[in-house]
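Observations on the three-dimensional arrangement
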Amino acid sequence: MKQVSSILVNSTTPIRPMYSPAMKADVKIDKHEQNAQLLSNYLEGTAAANAPIVKKVDKAAIQAPAYKNNLRTMIQNNESVMLAIVPRTFTAVDLNGDEKIMLSEGEKQGTFLSAIDRLDELKEDGFNTIHILPIHPPGKKKAMGTAGSNYAPQKMVTDDGHLALDPVLIDPNDSRTPDEQFKAFIDECHKRDIKVMLDLPSCASVDMFEAEPELMAFGRNGEDKTPQGWADIRMFEPWDDETKRTLNPKLLEMHKQYVDACIDLGIDGIRADVARAKPTEFWDILIPYSHQKDPEFAWLGETYTYECASPQVNMPYDRPEDSLRAGFDEYYGQYHIFHEWKNATEFNDYVKFNLDLSHKLPAGKTCIGSFMTHDDKSAMTHGGPNYCNMTTVIQSTIPMCNPYFVDGFQTGDYYDYQYSGSYSEETVTDNHKMDHHSFQLDIFNLSRKPGGDYPDMERVLRDTLRMRNENKDIFADRNSSYIELDKIGDKKDQIISFARHNNGRTLLVVANKNPNRRMTGTIVIPGLNSSQKLENMAPKYGDSSEFQTAKGELRVDLAPAGAYVFEIDTPNIEEDRKGHVFKQKVSD
């Protein structure tokens, strides 16, 4: 093919221009003008001669490189930054400001297609993964709220093997099928290099319990099994014969169909709700099954901490280590109780616990920054914007962690809905009460788009995640060490201080865990020079803090919930702190 400017020629033989009288000049002109005229005539003649056999390049027809999922690798390398969303509220339009969405009054719930409008915002914030809470039609019997719980599905897989999708998420004015509308959203995520993880419910609605009893669990007296505190859901029966450890083939097949449908749509991974609701034998089959179809299909397990016995009736005890061995790539962990830890030592011990745990497991297992999930009260209730900003910095700098946020956190949503517990005439369930768990993201009703009154938090979030991304060799790399540092004078043990070190670089992280009081103390840093210049790499927020360097130490006066990151010249810090250096397992 011979290329002429922006067109393609379907011939390899040069074509001479046809003679044109215009090429002969009868008037005397300057020699340079004559040459320019001849060249111009030649090009015009060439174009005219080639016109019948040339074809314009259709730029739209040039295909972009095919999308390839790599979410599992991202998670294993601590490179996923996740935002949890509820699609039906993600882009909701509340016209009168009462925080509830009344469709009969012209207000709008979120849909798959409207969700596309916020993807550029998420990309700019620094998110590269979306955790989509369940999208199936909610059950209507004994329901929580007027829209039904996202975690009480009426059906999960259709009879023809597709994902059962909540009709409220489908735009009736668009001619595409529900699958096609959901796929359009997924494709737009992928165009922005945003991965999509879908939430797999652990239980069924009462409606599904009645419609598909072969999937359901029953007690000794034939009663349905209901997790304690949840009247709207029923337990699945994972066993065919528990004494023989044989699985329920129909439940397993339904979940295989679920995985197939996810992969067919281009979904990159699954978050398994209450992973302990299924035995490890179940996951031992389902997770490898997904990898046969997509080796990069990722799995996040909702599992927290080792339990000797379950505190919840009809729910098995929690075993994170067993779940990770069964194939989950990451787990929830315990950062959601960070606000309950009394001091910096408890925080530090938990970071070390995770790093130690990694050496008992296949390489690459990790944890999410679960400082707030949809099951937790808003982080704003624990100390306002400064506390939230501090947890953003902390989870962006600790090892073996993929940062995790919930929609609304970006601007400080308290999730304190005006309508909570009130009566509503408009409902699609058998319940007219707008049930809501106080200060938690609403998953029971059609509610307003999440968001708070503190837009500066989004600046802190964006700048922190940008800092993390620019220093992935320190904050994400599994080879990077976590070094605990001694302190002097921190009587209440509220100063969080640690160093991250890799390839000769050291980044020092200092934070005040207390959101209400200033804290003073001295951090012992072997190798620190008194002339060390300190430039905060984390975004500024809140009150100012004071720092003074001396040989081998840093004296601090920290603002409430202040968090700071400094690069320091301590190339030998790992040797100087031998016995206090911890690393994630790098390879098997």
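Residues numbered from 1 in each chain as written. Predicted model: local features only at pLDDT ≥ 70, side-chain atom pairs only at ≥ 80, totals over all residues. Heavy atoms only, no water.

A word on the overall build of the protein chain
- On a plain count of helices and strands, the protein chain comes out with 15 helices and 24 strands.
- The buried share of the protein chain, taken over its 588 residues, is 56%.
- In the protein chain, 75% of the contacts between residues at least 6 apart in sequence involve partners at least 24 apart.
- Accessible surface computed for the protein chain: about 26,400 Å², of which carbon and sulfur atoms make up 49%. (Helix = DSSP H or I, 4+ residues; strand = E, 2+ residues; numbered from the N terminus. Buried < 20%, exposed > 50% of the residue type's maximum accessible area, 1.4 Å probe, protein only. Contact = heavy atoms within 4.5 Å. Areas by Shrake-Rupley, 256 points an atom, 1.4 Å probe, with all protein chains shown as cover.)

Here's the deal with the packing of aromatic side chains
- Summed over the entire model, instances satisfying the criterion amount to 27 aromatic pairs.
- Residues F405 and F409 carry aromatic rings whose centres are separated by 5.3 Å and whose planes lie at 45° to one another, so their mutual orientation is tilted. Accessibility classification places F405 together with F409 in one group, the buried group.
- Each member of the aromatic cluster is reached from another via a ring pair, and the members are Y335, F338, W341, F347, Y350, F353, F371, Y387, Y482 and F498.
- Above the plane of the ring of F338 lies K513, whose end atom (NZ or CZ) is 4.7 Å from the centre. (Phe/Tyr/Trp six-rings, centres within 6.5 Å; stacked < 30°, edge-to-face > 60°. Lys NZ or Arg CZ within 6 Å of the ring centre and 35° of its normal.)

Here's the deal with the pairing of strand β20 (residues 519-524)
- Sheet topology places strand β17 (residues 487-488) next to β20; two bridges connect them, and they run antiparallel. Bridge pairing links K487 to I523 in β20.
- Bridge analysis of β20 against strand β22 (residues 553-558) gives six bridges, and the strand direction is antiparallel. Following the sheet pairing, G521 is matched in β22 by V556. (Pairing = 2+ DSSP bridges.)

Topic: the environment of I398
- Considering the arrangement of structural elements, one finds I398 in the loop between α12 (384-397) and β15 (401-406).
- Separated by 47 residues in sequence, I398 and V351 place their C-alpha atoms 7.6 Å apart.
- Contact partners of I398, with chain neighbours within four places excluded, come to Y335, F347, V351, F475, F498 and R500.

So, the pattern of salt bridges
- The full count for this structure, using the stated rule, is 38 salt bridges.
- Note that R234 is salt-bridged to D224, the shortest N-O span being 2.6 Å. Of the two residues, R234 sits in strand β8 (residues 233-235) while D224 sits in the loop between α7 (206-211) and β8, which places them ten residues apart along the sequence.
- K352 is paired through a salt bridge with E484; the nearest N and O atoms lie 3.2 Å apart. (Salt bridge = Lys/Arg side-chain N within 4 Å of Asp/Glu carboxyl O.)

Concerning the sheet that holds strand β23 (residues 563-568)
- Read from one edge to the other, the open sheet built from five strands follows the order β23-β19-β18-β16-β24, with strand pairing classed as antiparallel. Looking along the sheet, the strands with just one partner apiece sit at the ends: β23 and β24 (581-582).
- Bridge count for strand β19 (residues 505-512) against β23 is six bridges, and the pairing is antiparallel. When the sheet's bridge partners are listed, L507 is paired in β23 with E567.

Topic: the nonpolar core
- Within the largest apolar cluster, 134 residues are counted, with the highest numbers of intra-cluster contacts made by L163, F182, F185, W283 and F347.
- The element best represented in this core is helix α8 (residues 249-265), accounting for nine residues.
- Each residue touching F182, except ones within four places of it in the same chain, is listed here: F112, I132, I135, L163, L165, L265 and I267. (Core = buried A, V, L, I, M, F, W, Y, C linked by side-chain atoms within 4.5 Å.)

Some words on unusual backbone geometry
- Even without a glycine there, the phi angle at N78 is positive, about 60°.
- Along the chain, N78 falls in the loop between α2 (71-76) and β4 (82-85).
- For F439, which is not a glycine, the phi torsion comes out positive at approximately 60°.
- Along the chain, F439 falls in the loop between β15 and α13 (456-470).

Overview of the packing of α12 against α13
- Contact geometry of α12 with α13 gives a least axis separation of 10 Å together with a crossing angle of 10°. As summarised for this structure, α12 and α13 are arranged roughly parallel, according to the angle between their axes. Helix-helix and strand crossings are classified by hand; for α12 and α13 the assignment is right-handed. Along the contact surface, α12 presents P385, C388, N389, T392, V393, Q395, S396 and T397, while α13 presents M457, V460, L461, T464, L465, M467 and R468. (Axes fitted to C-alpha atoms, helices over the stretch in contact; angles between N-to-C directions. Parallel < 35°, antiparallel > 145°, perpendicular 65-115°, else oblique. Left-handed = near helix turned anticlockwise from the far one by under 90°.)

Here we look at the sheet that holds β17
- Read across the sheet, four strands follow the order β17-β20-β22-β21 without closing on themselves; strand pairing throughout is antiparallel. The open sheet has two edge strands, β17 and β21 (546-550), and neither has a second partner.

Digging into α12
- Taking 1.5 Å per residue, 14 residues should reach 20 Å; α12 reaches 21 Å between its end C-alpha atoms and fits that length.
- Within the span of α12, buried status applies to G384, Y387, C388, N389, M390, T391, T392, V393, I394, Q395, S396 and T397. (Expected span 1.5 Å × (residues − 1).)

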